[in-house]
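# Structure assessment
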Amino acid sequence: MFRRQVYLQSMSAKIQYAYLASEGFQDQLVNELEGIQSQHGRLILTDCLPVQPPLWAQNCWRNPILIPIQSISDAAQQLKSLQRNWSLYSFHLHRRGQLIQDQLPSVSAKPLHFPTRLPQSPLGSWTLLDRETLLAASDCSSPFPNGAIQFVEDKTHPPNRAYLKLWEALTTVQEYPNSDQFCIDVGASPGGWTWVLAKLGAEVLSIDRSLLDERISKMPGVSFQKGDAFSLSPEKFKESRDQTDWLFSDLVCYPEKLFDWVMMWVESGICHNFICTLKFQGDSDYQIAQKFAAIPHSQVLHLFHNKHELTWIKLKAWETIPE
Ligand SMILES: C[S@@+](CC[C@H](N)C(=O)[O-])C[C@H]1O[C@@H](n2cnc3c(N)ncnc32)[C@H](O)[C@@H]1O
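About the cut-offs
- Residues numbered from 1 in each chain as written.
- Predicted model: local features only at pLDDT ≥ 70, side-chain atom pairs only at ≥ 80, totals over all residues.
- Heavy atoms only, no water.
- Core = buried A, V, L, I, M, F, W, Y, C linked by side-chain atoms within 4.5 Å.
- Buried < 20%, exposed > 50% of the residue type's maximum accessible area, 1.4 Å probe, protein only.
- Helix = DSSP H or I, 4+ residues; strand = E, 2+ residues; numbered from the N terminus.
- Domains from an automatic or database assignment.
- Contact = heavy atoms within 4.5 Å.
- Axes fitted to C-alpha atoms, helices over the stretch in contact; angles between N-to-C directions.
- Parallel < 35°, antiparallel > 145°, perpendicular 65-115°, else oblique.
- Left-handed = near helix turned anticlockwise from the far one by under 90°.
- Nonpolar A, V, L, I, M, F, W, Y, C, P; charged D, E, K, R; others polar.
- Pairing = 2+ DSSP bridges.

### Let's talk about the nonpolar core
One finds Ile184, Leu258, Trp265, Leu278, Phe292 and Trp312 to be the most contacted residues of the largest nonpolar core, which totals 43 residues. Where this core is concerned, the elements lending two or more residues are β1 (17–21), β4 (57–62), β10 (182–186), β11 (203–208), α9 (255–268), β14 (271–279), α10 (287–293) and β16 (309–314). The dominant element in this core, judged by the number of residues it contributes, is α9, at six residues. There are two domains that each give this core at least three residues, and those are domain 1 (2–147) and domain 2 (163–320). If sequence neighbours within four positions are ignored, Leu278 has contacts with Pro255, Leu258, Ala289, Phe292, Val300, His308, Glu309, Leu310 and Trp312. Counting 32 residues, the second-largest nonpolar core is a separate cluster that includes Phe144, Leu170, Met219 and Trp246.

This is the structure:
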């Protein structure tokens, strides 16, 4: 037992980070990481600090430790002695893992009502590497179990489920358009994102080649322009208004094309906040995502509700935070 403990301690010292890949995007995450030590389902252990935050991780476990366990109750005791709230990532030994988790204080798994504050209590993550070894990290990047944010869905009003990714993006950054603000929503049809923005009370100019769902176009504060979003330039926009608080894009287009168009708006200084999805096809090269991430005061994330796409977010509020 003593030799095993020494071995686990030396292994713990080696592992700096564990990254949980978004479901279906393990390969993308593996390609991004350096110093990979091992992979356990979607969890990838590395021995070095990241140069930049990986795009395809749904949760990052900082400084995880290996803990030898003698029984289910011993495992639960050891986790409880570290902190109160834990969430299990289970990739094998599911029953044993669940029996341990059942002995830990319960963590609410209730879906959230949008808009909502982020959970404030720290949430650790743990997994069973084998029957007698836990890997546990009290410090994780996501306050949600395995980085999965779940909402109480509205199955009646929005025209599709695209609204969930905008709910998640706004919840993640804890910034919301309000009734004093003006938004442009490009690639808006049938209107899931426009529905979110109008419900928050904002004024929205929606642009798409296809029409909005009729119920959405009739919402107070919504106006619609049919046509090519790329033909709207900051100069043209300035003919009718001085500025826009938000620019949203869920356009299906090449991210390279979106980058050039978005940069015009960034450089114009007339738009304060941006949320745009970058959509990829097949075996993409993701270099363009790094170009977006390099835009000052912005981040690129893979949200739980994103499929083969990333979300780029740039906020005015981040301009006061040193890069
Ligand atoms: C994924 S859908 C958007 C869904 C929308 N965000 C929602 O919540 O309902 C992508 C939209 O981009 C639009 N689109 C693609 N290229 C466009 C362009 N150049 N100009 C305007 N709309 C475009 C398509 O017509 C399509 O409606």
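Still to come is the rest of the account.
### Some points on the packing of helix α3 (residues 72–82) against helix α4 (residues 94–102)
Taken N-terminus to C-terminus, the directions of α3 and α4 make an angle of 50°; their axes are 8 Å apart at the nearest point. As far as their axial angle goes, α4 and α3 are oblique. The crossing of α3 and α4 is right-handed. For the pair formed by α3 and α4, the contact residues are Ile72, Ala75, Ala76 and Leu79 on the first element and Arg96, Leu99 and Ile100 on the second. Class assignment for the residues of the contact of α3 with α4 results in six nonpolar, no polar and one charged.

### What about the sheet that holds strand β7 (residues 124–130)?
Strand order in the open sheet formed by four strands is β5-β8-β7-β6, with mixed pairing between adjacent strands. Either end of the sheet is taken by a strand with one partner, and the two such strands are β5 (65–68) and β6 (86–88). Mean inter-strand twist for the sheet, computed between neighbouring axes without regard to direction, equals 30°. Pairing analysis gives five bridges linking β7 to strand β8 (residues 133–137), with the strands arranged antiparallel. From the neighbouring strand, Asp130 faces β8, where its bridge partner is Thr133. Packed onto the sheet, α3 meets β5, β6, β7 and β8 and runs at close to 140° relative to β5. The sheet strands contacting α4 are β6 and β7, and the helix crosses β7 at an angle near 145°.

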